[in-house]
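Chain by chain, the residues:
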Amino acid sequence: MTTTQNTPTAAGAGANASKNFKATAASGDLADTPPERVAAIVTAVLKGVHDAIAEHDVTYPEFQAAKGWLMAVGEGGEWPLFMDVFVEHAVEEQVAKSQSGTKGSILGPYYLPDQTRLESVCELPHQDDPNATPLVFDGQVRDIDGTGLGGATVEIWQSDADGYYSGFAEHLPEGNLRGVVVTDDEGRFSITTIQPAPYQIPTDGPTGQLIEAAGWHPWRPAHLHILVKAEGHRPITTQLYFAGGEWLDSDVAEATKPELILDPQDDGTGTRRTTYDFELEPAKA
Ligand code: MBD
Ligand code: FE
């Protein structure tokens, strides 16, 4: 495949993410944060805005353009997309400072709960695609002391070989390339899937327009999204990337880490195989 064929639309992607966020997110309530803390954080954010205005001698037309753009992000339902692409990585890096076990990465806007449960050795449901490269991803979920965690769940969601996610692209069937894999007694799993493509932020929505206006690029490297859960352990939200992949060193979402790069090898039949193990720290009491 070539990445230039990829023409995701904002309507099919970013906007659906808003509906999904409202329906499913464990969203925080502003009232749960003490007023002093709200004031401290918002004051710091506004200071950053005020300082940028002074530093760059911002004009009235630019201020009005910014307002119009902010309105368009809301009207297009792209706040989850924008926040996850440009802000979530900083939150993830901050919370990671007090965590051990497998490195995490951002959740992103395209997680859907309650997907099909699959046995430890399984194939992710997906549409037939003669151009897709088969990928087998196996591994083990373990405690930090090395004990395999049977009955853990490895939730996986990914784009197809054209860079589209089911639930956020109208042409794909529900549940495409999504599943909840349950590990065997030793914590092992083996998932047959296809190689995902790099992901392009839709260029026809406000987030894409900002990227274009700033002269940035809209790409994320190809990745698998993973959410590992085991009873009594802290869940791990992460992403796995592919060695040598395009955009690995310039992810628009700044969500790559060197520890999260797979290096699948062709087994001689055209199937690429790779292993990755997950280590979960105990849940905090
Ligand atoms: C994605 O697929 C993604 O993983 C993130 C973080 C943002 C937009 C699209
Ligand atoms: Fe993604």
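Just so we're clear, the structure is a prediction, and the values are computed from it rather than from any experiment. (Residues numbered from 1 in each chain as written. Chains lettered and ligands numbered in written order. Predicted model: local features only at pLDDT ≥ 70, side-chain atom pairs only at ≥ 80, totals over all residues. Heavy atoms only, no water.)

Undergrad: How would you sum up the sheet that holds strand 10 (residues 236-242)? Please name residues and give values.
TA: Read across the open sheet, the six strands follow the order 1-5-4-9-10-11; overall the sheet is mixed. Whereas interior strands pair on both sides, the edge strands pair on one side only; in this sheet they are strand 1 (117-118) and strand 11 (261-262). Pairing of strand 10 with strand 11 involves two bridges; the strand directions are parallel. Counterpart to Phe242 in the pairing with strand 11 is Leu262. (Pairing = 2+ DSSP bridges. Helix = DSSP H or I, 4+ residues; strand = E, 2+ residues; numbered from the N terminus.)

Undergrad: Can you lay out the site of ligand 1 for me, pointing to particular residues and giving the numbers?
TA: Near ligand 1 you find Leu81, Val85, Ile106, Gly108, Pro109, Tyr110, Tyr165, Tyr199, Arg220, His223 and His225, and these make up its full shell. Here an oxygen atom of ligand 1 and a side-chain polar atom of Tyr165 are 2.9 Å apart. His225 has a polar side-chain atom sitting 2.9 Å from an oxygen atom of ligand 1. Those elements that place two or more of their residues in the shell around ligand 1 are helix 4 (79-86) and strand 9 (223-229). Among the residues making up the shell around ligand 1, the classes are represented as seven nonpolar, three polar and one charged. (Near = heavy atom within 4 Å. Polar contact = N/O pair within 3.5 Å; in protein donor to acceptor, adjacent residues only side chain to side chain. Nonpolar A, V, L, I, M, F, W, Y, C, P; charged D, E, K, R; others polar.)

Undergrad: So what about helix 5 (residues 88-96)? Which residues, and what values?
TA: Among all positions in helix 5, only Glu88, His89 and Glu92 are buried. The buried residues of helix 5 all sit within an arc of 100 degrees when viewed along its axis, so they share a single face. Packed against the buried residues of helix 5 are helix 4. (Buried < 20%, exposed > 50% of the residue type's maximum accessible area, 1.4 Å probe, protein only. Arc of directions from axis to C-beta. Contact = heavy atoms within 4.5 Å.)

Undergrad: Pulling in residues and values, what's your account of the pairing of strand 5 (residues 178-182)?
TA: Counted residue by residue, strand 5 has four buried out of five residues, so it is predominantly covered. Where strand 1 lies against strand 5, two bridges are found, and the strand directions are parallel. By the bridge assignment for strand 5, Leu118 is matched with Val181. Alignment of strand 4 (residues 153-158) against strand 5, held across five bridges, turns out to be antiparallel. Counted as the bridge partner of Trp157 is Arg178 from strand 5.

Undergrad: Can you lay out a nonpolar patch on the surface for me, pointing to particular residues and giving the numbers?
TA: Residues Ile41, Val42, Val45, Leu46, Val49, Ile53, Val58, Tyr60 and Phe63 make up a contiguous nonpolar surface patch of roughly 800 Å² in combined accessible area. Counting only elements with at least two residues in the nonpolar patch, the list comes to helix 2 (35-56) and helix 3 (60-75). With six residues, the top contributor of residues to the nonpolar patch is helix 2. With relative accessibility at 42%, the residue Ile41 sits in the partly exposed group. (Patch = residues over 30% accessible without salt bridge, like charges linked within 9 Å, V, L, I, M, F, W, Y side chains within 5 Å. Areas by Shrake-Rupley, 256 points an atom, 1.4 Å probe, with all protein chains shown as cover. Salt bridge = Lys/Arg side-chain N within 4 Å of Asp/Glu carboxyl O.)

Undergrad: Explain the packing of aromatic side chains to me, and be specific about the residues and the numbers.
TA: In this description, a pair of aromatic rings is defined by centroid distance and the angle of the planes. Evaluation of the coordinates by the stated rule reveals 16 aromatic pairs. When the ring of Trp69 is compared with that of Trp79, the centres are 6.3 Å apart and the planes differ by 80 degrees; the resulting orientation is edge-to-face. Separated by ten residues along the polypeptide, Trp69 in helix 3 and Trp79 in helix 4 bring together distant segments of the chain. Between Phe137 and Phe189, the ring centres sit 5.3 Å apart and the planes meet at 70 degrees, which makes this aromatic pair edge-to-face. On the criterion of sequence distance, the pair formed by Phe137 in strand 3 (residues 134-143) and Phe189 in strand 6 (residues 188-194) is long-range, its members being 52 residues apart. Of the two residues examined, Phe137 and Phe189, each falls in the buried class. (Phe/Tyr/Trp six-rings, centres within 6.5 Å; stacked < 30°, edge-to-face > 60°.)

Undergrad: Go over the pattern of salt bridges with me, naming the residues and quoting the values.
TA: If you walk through the whole model with that rule in mind, you get eight salt bridges. In this structure, Arg142 and Asp277 form a salt bridge, with 3.2 Å as the shortest nitrogen-oxygen distance. Placement of the pair is Arg142 in strand 3 and Asp277 in the loop between strand 13 (272-275) and strand 14 (278-280), with a sequence separation of 135 residues. Arg142 sits in the buried class, given a relative accessible area of 19%. Note on Asp277: relative accessible area 30%, which makes it partly exposed. A salt bridge links Arg220 to Asp251, with the shortest nitrogen-to-oxygen separation between them at 2.7 Å. With Arg220 in strand 8 (residues 219-220) and Asp251 in the loop between strand 10 and strand 11, the pair connects residues that are 31 residues apart, well separated along the chain. Assigned by exposure class, Arg220 and Asp251 land together as buried.

Undergrad: How would you explain the nonpolar core if you had to name every residue and give the values?
TA: Note on soluble globular proteins: their nonpolar side chains tend to be buried together. Within the largest apolar cluster, 50 residues are counted, with the highest numbers of intra-cluster contacts made by Tyr110, Phe137, Val141, Ile191, Ile226 and Phe278. Elements represented by at least two residues in this core include exactly helix 4, strand 3, strand 4, strand 6, strand 9, strand 10 and strand 14. When residues no more than four places from it in sequence are discounted, the contact partners of Val141 are Thr147, Gly148, Leu149, Ala152, Val154, Thr183, Glu186, Gly187, Phe189, Val228, Phe278 and Leu280. (Core = buried A, V, L, I, M, F, W, Y, C linked by side-chain atoms within 4.5 Å.)

Undergrad: A description of the pairing of strand 4 should follow, citing residues and the corresponding values.
TA: The side chains of a regular strand alternate, residue by residue, between the two faces of the sheet. Counting buried residues in strand 4 gives six out of six residues, a clear majority hidden from the surface. Of the two faces of strand 4, both are covered, the one formed by Thr153, Glu155 and Trp157 as well as the one formed by Val154, Ile156 and Gln158. Across six bridges, strand 4 lies against strand 9 in antiparallel orientation. Paired with Thr153 across the two strands is Lys229, which belongs to strand 9.

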